[in-house]
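# Summary of structural features
What follows is the residue order along each chain.
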Amino acid sequence: MSRYEGSHPGNFLCLCRRRRQRRPLPSPLLPPTMVQPSLAFAAALALSSAPGSARAFVPPPPAAAVVRPASRRSVKLEGRDVDGILTPTNDLVLVKVAEIEDETEGGIFLTGTAKIKKTEGVVISAGPGKTHQESGLRFPMPVVPGEGVVYGKYDGTEVDYDGSKHTLIRDDDILVKFSGDELTLDGADVVSDNVLVKVEDDEEETLSGLVIAATAKKGGKPSTGEVVKVGPGRMASNGEVMTVDVEAGDMVKFRDFAGNEVSIEGGEYAVVRMTDILAKF
């Protein structure tokens, strides 16, 4: 007779429940999460140590770093915070104006209104260009950011941008564009149908020995000279470029007061539109 015979049935059920609730003994094996990496490492070591194999175990590459977009720089426009670069519209060009000269070439310091105000600077940004009124074709802009430009004395609208003086000019206001830090004759080019002319020095000497400059004679400014640089021409309504009718080396006669004076490397030049040139010889 079993020791459980004659005992209460409930005692037998309690004993079965205790046996089912016994915890298994701890396994000496590694948990599954550690077995797979260990096997992979062992396989890699075996492959690298195999005869005739020159491959070495290379650990997996690190996860790629997340590249976050750079935050846009905030600048001041007329005292107001704006984001990014100021982009002109139509045929306008944003130019950072060159610093005012306060010293002459001879070393004389200038003060107040005597300082030389430059009408040149560096292109910061440019608009997409204007469109033709009839055909709707867009005129290409003649300059790109980074180029230097010379413009008329009374052209442009001054703006205080990014802590320095800038001006907004139209592409037709550009007299000369140039590359490099300084304006030189080799690096200078004219735009559109403009022509760069080396004006003649029409000084005359009187019987008494006095020299009369060209500006002191009747007519004021000289209106003849030698063509030095020629622009690519003006675009027609159909998109074709109309080339100019003169070339470098030609002597030309243009309208009085039609040219814009430009000083390049100490020489006096005039930027004249092709429509203001009267004759060539």
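Only a predicted model underlies this, so the values are computations on that prediction, with no experimental measurement involved.

### Some words on unusual backbone geometry
Of note, D162 is a non-glycine position whose phi angle comes to about 55°, a positive value. Residue classification places D162 among the partly exposed positions, given a relative accessible area of 36%. Of note in the backbone geometry, S192 takes a positive phi value of approximately 55° without being a glycine.

### Looking at the confidence of the model for the chain
Residues shown with low pLDDT carry predicted positions that ought not to be read at fine detail. Chain-level pLDDT for the chain is 76 on average; 61% of the residues reach the 70-or-more range. Predicted confidence for residues 64–70 stays below pLDDT 50, and this span has zero contacts to residues more than four positions away or in other chains. The low-confidence segment residues 109–116, where pLDDT is below 50, has 13 contacts with residues more than four positions distant or belonging to other chains.

### What about the packing of aromatic side chains?
Inspection of the entire model under this criterion finds zero aromatic pairs. A cation over an aromatic ring shows up here: K198 above the ring of Y269, its NZ or CZ 5.7 Å from the ring centre.

### Some points on the pattern of salt bridges
One pass over the full model with this rule turns up eight salt bridges. Among the salt bridges present, the one from K165 reaches E158, with a minimum N-O distance of 3.2 Å. Taking the relative accessible area as the measure of exposure, E158 reaches 46% and is therefore partly exposed. Via salt bridges that share partners, D193, R234 and R273 belong to a single interconnected network.

### Considerations on the pairing of strand β17 (residues 260–264)
Within a regular beta strand, the side chains point alternately toward one face of the sheet and then the other, so they alternate between its two faces. Bridge analysis of β17 against strand β18 (residues 267–273) gives five bridges, and the strand direction is antiparallel. For I264, the partnering residue across the bridge sits in β18 and is G267.

### Points about the side chain of K229
Within the secondary structure layout, K229 lies in strand β13 (residues 224–230). The buried charged residue K229 lacks any salt bridge, with D189 as its nearest oppositely charged partner at 4.3 Å. Within the local environment of K229, its side chain forms a polar contact with the backbone oxygen of A188, the two atoms lying 2.5 Å apart. Once residues lying within four places of it in the same chain are set aside, the contact partners of K229 are L185, D186, A188, D189, V190, V195 and L196.

### Observations regarding the sheet that holds strand β16 (residues 251–254)
A sheet is described by the order of its strands in space; here six strands give the open sequence β17-β18-β10-β13-β16-β19, paired in antiparallel fashion. The open sheet has two edge strands with one neighbour each: β17 and β19 (277–280). Shown here is a sheet whose adjacent strand axes are inclined to one another by a mean of 45°, direction ignored. Alignment of strand β10 (residues 194–199) against β13, held across five bridges, turns out to be antiparallel. Paired with L196 across the bridge in β13 is K229.

### Regarding the environment of V252
Residue position: V252 is located in strand β16. Between the alpha carbons of V252 and F281 there is a distance of 6.1 Å; along the sequence they are 29 residues apart. For V252, the residues in contact, after removing those within four places along its chain, are V197, S223, T224, G225, V227, V246, I277, A279, K280 and F281.

### Regarding the environment of V149
Summarising the element assignment, V149 is placed in strand β5 (residues 148–151). Classification of V149 as buried rests on a relative accessible area of 0%. Placed 53 residues apart in sequence, V149 and K96 show a C-alpha to C-alpha distance of 9.8 Å. When near neighbours in sequence (up to four residues on either side) are disregarded, V149 contacts V95, T119, E120, G121, V123, V143, I174, V176, K177 and F178.

### Considering the pairing of β5
Burial along β5 is two-sided: G148 and V150 and V149 and Y151, pointing in opposite directions, are all buried. Note: strand β4 (residues 120–126) against β5, three bridges, orientation antiparallel. By the bridge assignment for β5, G121 is matched with V149. Strand direction decides the pairing type here: β5 and strand β8 (residues 174–178), joined by four bridges, are antiparallel.

Reading guide: rules and limits
Residues numbered from 1 in each chain as written. Predicted model: local features only at pLDDT ≥ 70, side-chain atom pairs only at ≥ 80, totals over all residues. Heavy atoms only, no water. Buried < 20%, exposed > 50% of the residue type's maximum accessible area, 1.4 Å probe, protein only. pLDDT = per-residue confidence, 0-100. Contact = heavy atoms within 4.5 Å. Phe/Tyr/Trp six-rings, centres within 6.5 Å; stacked < 30°, edge-to-face > 60°. Lys NZ or Arg CZ within 6 Å of the ring centre and 35° of its normal. Salt bridge = Lys/Arg side-chain N within 4 Å of Asp/Glu carboxyl O. Pairing = 2+ DSSP bridges. Helix = DSSP H or I, 4+ residues; strand = E, 2+ residues; numbered from the N terminus. Lys, Arg positive; Asp, Glu negative; His and termini not counted. Polar contact = N/O pair within 3.5 Å; in protein donor to acceptor, adjacent residues only side chain to side chain. Axes fitted to C-alpha atoms, helices over the stretch in contact; angles between N-to-C directions.

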